[in-house]
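# Coordinates in review
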Amino acid sequence: MTHRTRPPARICPNCDGFAAAAITLGGRDRNGHLRTITAHCPACHGTGTARRSPVREGARV
């Protein structure tokens, strides 16, 4: 019996799946740690995958 496979997740075209990045603010705190912030991809909101658009069957171009 064959197993049903799910279609692969669509990778966000804007961030190529790397949805979050740590950016240093420059400088260090009192303990010597780098100060960083996390920036998320505005298109996929940090998930790394694109939304699937519904396919309209029978639609003409």
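The coordinates are above.
A short tour of the structure in this document, coming up. This is a predicted model, so every value here is computed, not measured.

### Considerations on the overall build of the protein chain
Helix and strand content of the protein chain: 0 helices and 2 strands. Within the protein chain, buried positions represent 10% of all 61 residues. Long-range pairs, those at least 24 residues apart, make up 52% of the contacts in the protein chain between residues at least 6 apart in sequence. If you sum the accessible surface of the protein chain, you get close to 6100 Å²; carbon and sulfur atoms cover 52% of it.

### As for a nonpolar patch on the surface
Taken together, Ile23, Leu25 and Ile37 make up a surface patch of nonpolar side chains, about 260 Å² in accessible area. With respect to the helices and strands, Ile23 occurs in strand E1 (residues 20–28). On the basis of relative accessibility, which here comes to 40%, the residue Ile23 falls in the partly exposed class.

### Overview of unusual backbone geometry
Positive phi values are uncommon outside glycine, yet Asp16 reaches one of about 55°. By secondary structure assignment, the location of Asp16 is in the segment before E1. With a relative accessible area of 55%, Asp16 lands in the exposed category. The phi torsion at His45 lies on the positive side, around 60°, for a residue other than glycine.

### So, the pairing of E1
Bridge count between E1 and strand E2 (residues 34–40): 6 bridges; the pairing is antiparallel. From the neighbouring strand, Ala20 faces E2, where its bridge partner is His40. Hairpin connection between E1 and E2: a loop of 5 residues separates the two successive antiparallel strands, and Gly32 in this loop has a positive phi of roughly 90°.

### Concerning the environment of Thr24
Here Thr24 shows up in strand E1. C-alpha of Thr24 to C-alpha of Thr38: the two residues are 14 residues apart in sequence and 8.9 Å apart in space. Those residues in contact with Thr24 that sit more than four places away from it in its chain are Leu34, Arg35 and Thr36.

The rules we used
Residues numbered from 1 in each chain as written. Predicted model: local features only at pLDDT ≥ 70, side-chain atom pairs only at ≥ 80, totals over all residues. Heavy atoms only, no water. Helix = DSSP H or I, 4+ residues; strand = E, 2+ residues; numbered from the N terminus. Buried < 20%, exposed > 50% of the residue type's maximum accessible area, 1.4 Å probe, protein only. Contact = heavy atoms within 4.5 Å. Areas by Shrake-Rupley, 256 points an atom, 1.4 Å probe, with all protein chains shown as cover. Patch = residues over 30% accessible without salt bridge, like charges linked within 9 Å, V, L, I, M, F, W, Y side chains within 5 Å. Salt bridge = Lys/Arg side-chain N within 4 Å of Asp/Glu carboxyl O. Pairing = 2+ DSSP bridges.

By themselves, these observations are geometric and do not establish any function.
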